[in-house]
Amino acid sequence: MRYGETGFNLEIDLTRGTIERVETDPGLTELYLGGLGTNAKIMWDRVPPEADPFSPENILIFSTGLLCCSPAPGANRTIVTTYSPQTKLLAYSMMGGVFAPELKFAGYDKIIFRGKSPGLVYIWIHNDKVEIRAAEHLRGKGAVETQELIRKELKVPDAQVAAIGLAGENRVFMASIEQGRSSASRLGVGAVMGDKGIKAIAVRGTKDVNIARPAEFMKLCDEVMGYIKSREDKPVPGVMPILAGLGSPQEMKHVDEKWHTENFMWGNARVRRKNFWTPEIEENWKATQLSARKRLISCYNCPMKCGATISLPGMSTYMMKCFSKLTYSMAAYVDSLDFGFRIAQRATEYGVDGFSMPQTMAFAVELKEAGILTDADFAGCPSDNEGRFYWLLDRIVRREGIGDILADGTYWAAQKIGKGAEAFAHNNIKKHEQLPLKLSMLNPVYYLMYCTGEKMNITQIEGQFPQSPFPTMAEREDFIRDWIQVPDEKFKRYLLDWELRGERSNPYYPTPEMATDIVDWQEMMHFIDDSLGMCAGLSSFPLKPPYHIHNYPRFISAATGIDMDEEKLKTIYRRTRNLVRAVNVRRGLRRADEKPPEDHWKKRFPELEENLLDTYYKFKGWNSEGIPTRKTLRELDLDYVAEDFLKRGILTDAEAAPAIADTAKTEK
Amino acid sequence: MGEKKKKTIKTIKIDLDKCNGCRACEVICSAFHANPKYSSNNPARSRIRMIREPIRDIYVPVYAGEQAKAECMGRDRYAIGGKEYDECVFCRASCPSRDLFREPDSGLPLKCDMCEGEIEPLCVKWCITGALTCEEREEDAAEEVNMADVGAGLESLIAKYGLEKIADAVARISRKG
């Protein structure tokens, strides 16, 4: 019997229409855990590095994590992995909700899709019964609407459905996969799903998932529940509200948006909107939010309430979380939250990423104002800000006219448009739209995370360590007092010594060595979460979370029976981190790609930045191009990667990196 | 007879407005009732189930009660606070009309036992949003049996089936002990 996992994957070949239930190798669980770890291994083994994301060779994986379906609170993430049409690199977008638990209760750790369906289909998984069903009648239907239609059609109200909307069907690069209150939005995973001809996946599972050492496991769960409760009454002082508590940003709960509206450079802007948050706006937005919000809601087995049901007169209900509340209104310069909720409803039905889409639309508006896009490109577009955004949204998801170019996101659109449009795509890392922030002084920790993060999204890399120093020593001492999560006592020293000004302040403090340590810790927690299927909101994202490097090994041991300790878990993290890097290196990723947006910080330090990157690479056991060396790979049982690198000339026997591979260059 | 008997009534209060639909109640219930305890998880075996329709804002945790051998002839539909709750939503029965509260493999009925042996039902302990709370109170136990009622019931059965058949049935039931 397998513990923690089911030990079976569902393999679906869409070209041939075949379905297989395949037993997995328990040895891989010991090496890579599950979720992202084993997904990366499958991508490495099975998808040729030259495969186009929109080709039958690309595969699309929906994975549960190793702790999913155990009683551990928050272990509910679905890890969606494929090659991104936008970055051309590994995409591992995730969603919470109820999909992964339902899949594992149906008896599967992963669904692995390959090939392409000749017609639009949906997949119906009911325990051992799996069908590929025609979905032509669902073509063009909304992503939320589709979930309801399928449940009705199947007459199974408890089925959980993940679906794409029009954007995914039309292979829009910012297409999401929507499921209940959650969505896998980043990096175009919805576009790959659409390319494969999958409109939706419906699952219902009623099987058991086993725990190896039940009594021990429940004791750990009780401790975590107790800690979550105690953190509710004890927010971290001295940081902004969304960083003080647990969960992902509590945007559905909070109504005070002074900080976010005035400090982000929303849409495609380069400047803040100071004094935006007037008393009238405050009153108006608060009233809108409280009347639209029907209920705060959770994902499976999690007490946090990060999402909400949103219902406005005259339109169908949908669910929202995180920042989509602000992104559309702010990007469109429409100072109404009602507009934000309404356009987000349409965008959710279309199935698009709430960050990249408004940014791309704002980018188009800027290009029009700069005369780079013309009246002809905008023929038929209303002149008011609201109307213009709805018009752009409709064009993009349908890939009509200028929408067809914009549908590839700001980087690729700028390349196609030319005429200086490149300068307007100023907010990308590795071709992907980033959180719209422009800051003054370079922060060495954030510099490294922006450069080297392979999830392409800062919120999926940061966490654990405060974003800025506390002004007084008393506050710092207070903070470190119950900081049990630190992997090593040295992190407390880093924080105590970190000053707002002077010698021990940004950008030279934390030093490159310290910054590397801090980044490594933050990365470690995200990689472990993504393999266990744990929500970052209870672990890697907030300060002082309930899960950490000291209790995770015990959770894994008790759930699976695998003998685990901190050192072993750290090795698994390094193995997975290096494998993800290796998959991307084989796709062409090199040092030259690892840079933040040019104007992300006003004050830049070229020499220090090179030093930071060198120090980080060296710490990781990578060469100066950011490629894991043969020695590093061998230490982590990744000999097969080293051999492949040598065969392809990515590494030489001398371990020096040769000139950047030709295949990599052609795409840039 | 003499002194009056007391009994303890445990009541779980369900506040639908506070429910966030996380199903932690189902998780802990199915784990607690696994054999060995906590060795597996499967909400389909839970004795509390969430009736959950997010788009219509329906969130109703329901506890497994007695088994109903047959479906009801008539059904109810409740309209409360502008929302319409489908038939059976508030019903606690393990019933042929639905797959709630039955073991997924054997089809045997499930019933909430308030987590015997625990300080409070574990669904309540795990519901930190406060949708489920437990109250205890003592009540006088109605122990006395009214023989006139028993007689009236038997008379009507005898009238329907005849004295002989009823006597046979009583004898048969007594033998089973």
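Residues numbered from 1 in each chain as written. Chains lettered and ligands numbered in written order. Predicted model: local features only at pLDDT ≥ 70, side-chain atom pairs only at ≥ 80, totals over all residues.

1. Quick look at the overall build of chain A
Thought 1: For chain A, the helix and strand inventory stands at 26 helices and 20 strands.
Thought 2: Relative to the 2.2 N^0.38 estimate, which gives 26 Å for 668 residues, the radius of gyration of chain A is 24 Å and therefore close to what a compact globule would have.
Thought 3: A principal-axis box enclosing the C-alpha atoms of chain A has dimensions of 65 × 60 × 55 Å.
Thought 4: Each of the 668 residues in chain A was classed as buried or not, and the buried ones make up 57%.
Thought 5: Counting only contacts in chain A whose residues sit at least 6 apart along the sequence, the fraction spanning at least 24 positions is 70%. (Helix = DSSP H or I, 4+ residues; strand = E, 2+ residues; numbered from the N terminus. Rg over C-alpha atoms; globule rule 2.2 N^0.38 Å. Buried ≥ 20, exposed ≤ 12 C-beta atoms within 10 Å, placed from the backbone. Contact = placed C-beta atoms within 7 Å.)

2. Quick word on the sheet that holds strand β14 (residues 293-297) of chain A
All names here are of chain A.
Thought 1: Strand order in the open sheet made by the 3 strands is β14-β15-β16, with antiparallel pairing throughout. A strand with exactly one partner marks an edge of an open sheet, and here the two such strands are β14 and β16 (318-321). Going across the sheet, the axis of each strand differs from the next one's by a mean of 30 degrees, ignoring polarity.
Thought 2: As paired elements, strand β15 (residues 307-310) and β16 share 4 bridges and run antiparallel to each other. Paired with T309 across the two strands is M319, which belongs to β16. (Pairing = 2+ DSSP bridges. Axes fitted to C-alpha atoms, helices over the stretch in contact; angles between N-to-C directions.)

3. Digging into unusual backbone geometry
All names here are of chain A.
Thought 1: In this structure, the amide linkage connecting Y509 to the following residue, P510, adopts the cis form with an omega of -5 degrees.
Thought 2: Its location among the elements puts P510 in the loop between α19 (490-497) and α20 (512-532).
Thought 3: With phi around 50 degrees, N127 is a residue other than glycine that occupies positive phi space.
Thought 4: Within the secondary structure, N127 sits in the loop between β7 (121-126) and β8 (129-134).
Thought 5: For N127, a count of 16 C-beta atoms within 10 Å gives the class partly exposed.

4. Some thoughts on the interface of chain B and chain A
Accessible area lost during the coming together of the parts is what is often quoted as the interface size.
Thought 1: Taken together, the contacts link 23 residues of chain B with 33 residues of chain A.
Thought 2: Mapped onto the side of chain B that touches chain A, the elements with two or more residues apiece are α1 (24-32) and β2 (40-41) of chain B.
Thought 3: Residues belonging to the side of chain B that touches chain A are distributed by class as follows: 13 nonpolar, 7 polar and 3 charged.
Thought 4: Inspection of the sheet shows strand β13 (residues 209-210) of chain A paired to β2(B) by 2 bridges, in the antiparallel sense. Pairing of A:V209 across the sheet is with B:N41, part of β2(B). (Nonpolar A, V, L, I, M, F, W, Y, C, P; charged D, E, K, R; others polar.)

5. Considerations on the confidence of the model for chain A
Thought 1: Here chain A averages 95 in pLDDT, and 98% of its residues register 70 or above.
Thought 2: In the model, residues 661-668 of chain A has pLDDT below 50 throughout and makes 9 contacts with residues more than four positions away in sequence or in other chains. (pLDDT = per-residue confidence, 0-100.)

6. Focus on α20(A)
All names here are of chain A.
Thought 1: For α20, built from 21 residues, the straight-helix expectation of 30 Å at 1.5 Å per residue is met to within 8% by its first-to-last C-alpha distance of 30 Å.
Thought 2: By the criterion of burial, α20 is predominantly enclosed, with 18 of the 21 residues buried.
Thought 3: Phi turns positive one or two residues past the end of α20, at G533, with a value near 80 degrees. (Expected span 1.5 Å × (residues − 1).)

7. A short note on the packing of helix α10 (residues 279-292) of chain A against helix α12 (residues 337-350) of chain A
Residues and elements named next belong to chain A.
Thought 1: Interhelical geometry of α10 versus α12 gives an angle of 35 degrees and a closest axis separation of 8 Å. Two secondary-structure elements touch here, α10 through W285, T288, Q289 and A292 and α12 through L337, D338 and F341.
Thought 2: Looking at side-chain class alone, the contact of α10 with α12 contains 4 nonpolar, 2 polar and 1 charged residues.

8. Topic: the environment of A:D109
Residues and elements named next belong to chain A.
Thought 1: The residue D109 is located in the loop between α3 (99-105) and β6 (110-114) in this model.
Thought 2: Take D109: there are 28 C-beta atoms within 10 Å of it, and that puts it in the buried class.
Thought 3: Taking the C-alpha atoms as reference, D109 lies 44 Å from R270; in sequence the two are 161 residues apart.
Thought 4: Those residues in contact with D109 that lie beyond four places of it in its chain are E5, T6, F8, N9, T24, G34, S63, T64 and K104.

9. So, the sheet that holds strand β5 (residues 90-95) of chain A
Residues and elements named next belong to chain A.
Thought 1: Sheet architecture is open: 6 strands sit in the order β2-β1-β6-β3-β4-β5, paired in mixed fashion. Two strands bound the open sheet, and with one partner strand each, they are β2 (18-23) and β5. Adjacent strand axes in the sheet meet at a mean angle of 15 degrees when their direction is disregarded.
Thought 2: Pairing of strand β1 (residues 8-13) with β2 involves 6 bridges; the strand directions are antiparallel. Across the sheet, the residue bridging to D13 is T18, located in β2.
Thought 3: On the sheet, helix α2 (residues 36-46) packs against β3 (60-63), β4 (78-83), β5 and β6 and is oriented at approximately 20 degrees with respect to β4.

10. As for the environment of A:L646
Residue and element names in this part refer to chain A.
Thought 1: Mapped onto the elements of the fold, L646 is located in helix α25 (residues 639-648).
Thought 2: Its 14 C-beta neighbours within 10 Å are what place L646 among the partly exposed residues.
Thought 3: Expressed as a C-alpha distance, the spacing of L646 and R630, which sit 16 residues apart in the sequence, is 8.8 Å.

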